[in-house]
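Observations on the three-dimensional arrangement
Read off the chains here:
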Amino acid sequence: MNVYRYFQAGLAAAALGLAGCAAGPGGDPIYVPVGGPSQAPEPPQTTTSGQDEPRVWRKSEQPEVQAPEPEQPQSNAPSYSAAGENLSPAALSLVREADRLLAQNNPSAAVAQLERAQRISPRSPAVYFKLSEAYVAMNQLGNAEQFTLKGLSLAGSDARMQRAGWLLLADIRRARGNVAGADRAEARAAAL
């Protein structure tokens, strides 16, 4: 009984395979539009002159052309890594307000003002050093050290800012009990 079913399945598969490859009389395809092959629309023609339409290049067909290197303007101004950003007037106003709040023993409000200044001048080391001072006032010495290190990374070759940052870092490390780290920071400040 099973052999008979396999035989029937094989015949059905063969018939379907042949029907898929079938062609009409005279070798014409089986699928013709209603009304016969004479009413089939003409396939679209491409222009051979090339003058009517611009040629569309595929990326793989385009010749490889190397773009010339853009020349960097020579400037005597220090780059980002050489010096930090100057404070904008708005950021300077916020830093002054934060100084006033720190003098009034309100470090959390000072941090809020300094974070606004940081959003205005994100590459100014002065803002990070002031944030560090505010966190010291809040006794969050870990945050203070991190902001000081960020300010030092932005100070670049500005010796005055570098010295202020290293001295601030020395004070913070000494307050955290890291005397060796404080001594190294003071030595870096003295070397400037």
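Being a predicted model, the structure only gives us computed values, none of them experimental.

Within the chain, the regular secondary structure consists of seven helices and zero strands. Here the chain holds 192 residues, and the buried ones make up 23% of them. Once local pairs closer than 6 in sequence are excluded, the contacts in the chain between residues at least 24 apart make up 52%. Carbon together with sulfur atoms contributes 54% to the accessible area of the chain, which is approximately 14,200 Å² in total.

We now examine the packing of helix H3 (residues 107–120) against helix H4 (residues 125–137). Put simply, H3 and H4 touch, their axes get as near as 9 Å, and they point 160° apart. As judged from the angle between their axes, H3 and H4 are roughly antiparallel. In this structure, the crossing between H3 and H4 has a hand that is left-handed. Residues Pro-107, Val-111, Leu-114, Glu-115, Ala-117 and Gln-118 of H3 form the contact with H4, whose own contacting residues are Val-127, Tyr-128, Lys-130, Leu-131, Ala-134, Tyr-135 and Ala-137. Split into classes, the residues belonging to the contact of H3 with H4 amount to 10 nonpolar, one polar and two charged.

Quick look at the nonpolar core now. Residues Leu-114, Ala-117, Leu-131 and Trp-166 are the most contacted members of the largest nonpolar core, which totals 27 residues. Ranked by residues supplied to this core, first place goes to helix H6 (residues 159–176) with six residues. Apart from the residues within four sequence positions on either side, Trp-166 is in contact with Leu-152, Ala-185, Arg-188, Ala-189 and Leu-192.

What follows is about the confidence of the model for the chain. Summing up the model confidence of the chain, the mean pLDDT is 80 and the portion of residues at 70 or higher is 64%. Counting contacts from residues 77–81, a segment whose pLDDT is below 50, to residues more than four positions away or on other chains yields five contacts.

In this section: the environment of Asn-86. Position of Asn-86 relative to the elements: it lies in the loop between helix H1 (2–20) and helix H2 (89–103). As for Asn-86 and Ser-124, which are separated by 38 residues in sequence, their C-alpha atoms are 6.1 Å apart.

With that out of the way, let us pick up the packing of helix H5 (residues 141–155) against H6. The description of two helices packed together rests on the angle between their axes and the distance between the axes. Two elements in contact, H5 and H6, have axes separated by 9 Å at closest approach and are oriented at 160°. The angle between H5 and H6 falls in the class roughly antiparallel. For the pair H5 and H6, the crossing hand works out as left-handed. Contact residues: H5 offers Leu-141, Gly-142, Ala-144, Glu-145, Thr-148, Leu-149, Leu-152 and Ala-155, while H6 offers Met-161, Gln-162, Gly-165, Trp-166, Leu-168, Leu-169, Ile-172, Arg-173, Ala-175 and Arg-176. Of the residues contributing to the contact of H5 with H6, the split by class is 11 nonpolar, four polar and three charged.

This next bit is on H5. Look at H5: 21 Å from first C-alpha to last across 15 residues, which is about the 21 Å you get at 1.5 Å a residue. Where H5 is concerned, the buried positions are Leu-141, Ala-144, Glu-145, Thr-148, Gly-151, Leu-152, Leu-154 and Ala-155. Lining the buried residues of H5 we find H4 and H6.

Moving on, we come to the packing of aromatic side chains. Evaluated as defined, the whole model comprises two aromatic pairs. Ring geometry for Tyr-135 against Phe-147: centres 5.4 Å apart, planes inclined by 5°, an arrangement best described as stacked. Taken together, the positions of Tyr-135 in helix H4 and Phe-147 in helix H5 put the pair 12 residues apart, joining distant regions of the chain. Members of the aromatic cluster, connected to one another through ring pairs, are Tyr-128, Tyr-135 and Phe-147.

Moving on to the side chain of Thr-148. Inspection of the secondary structure assignment puts Thr-148 in helix H5. A polar atom in the side chain of Thr-148 sits 2.8 Å from the backbone oxygen of Ala-144. Ignoring sequence-local partners within four residues, the contact set of Thr-148 consists of Phe-129, Ser-132, Gly-165, Leu-168, Leu-169 and Ile-172.

With respect to the element layout, Gln-113 can be found in helix H3. Residue classification places Gln-113 among the buried residues on the basis of a relative accessible area of 17%. The contact partners of Gln-113, leaving out residues within four places of it in the chain, are Leu-94, Glu-97, Ala-98 and Leu-101.

Each value, and the rule that gives it
- Residues numbered from 1 in each chain as written.
- Predicted model: local features only at pLDDT ≥ 70, side-chain atom pairs only at ≥ 80, totals over all residues.
- Heavy atoms only, no water.
- Helix = DSSP H or I, 4+ residues; strand = E, 2+ residues; numbered from the N terminus.
- Buried < 20%, exposed > 50% of the residue type's maximum accessible area, 1.4 Å probe, protein only.
- Contact = heavy atoms within 4.5 Å.
- Areas by Shrake-Rupley, 256 points an atom, 1.4 Å probe, with all protein chains shown as cover.
- Axes fitted to C-alpha atoms, helices over the stretch in contact; angles between N-to-C directions.
- Parallel < 35°, antiparallel > 145°, perpendicular 65-115°, else oblique.
- Left-handed = near helix turned anticlockwise from the far one by under 90°.
- Nonpolar A, V, L, I, M, F, W, Y, C, P; charged D, E, K, R; others polar.
- Core = buried A, V, L, I, M, F, W, Y, C linked by side-chain atoms within 4.5 Å.
- pLDDT = per-residue confidence, 0-100.
- Expected span 1.5 Å × (residues − 1).
- Phe/Tyr/Trp six-rings, centres within 6.5 Å; stacked < 30°, edge-to-face > 60°.
- Polar contact = N/O pair within 3.5 Å; in protein donor to acceptor, adjacent residues only side chain to side chain.

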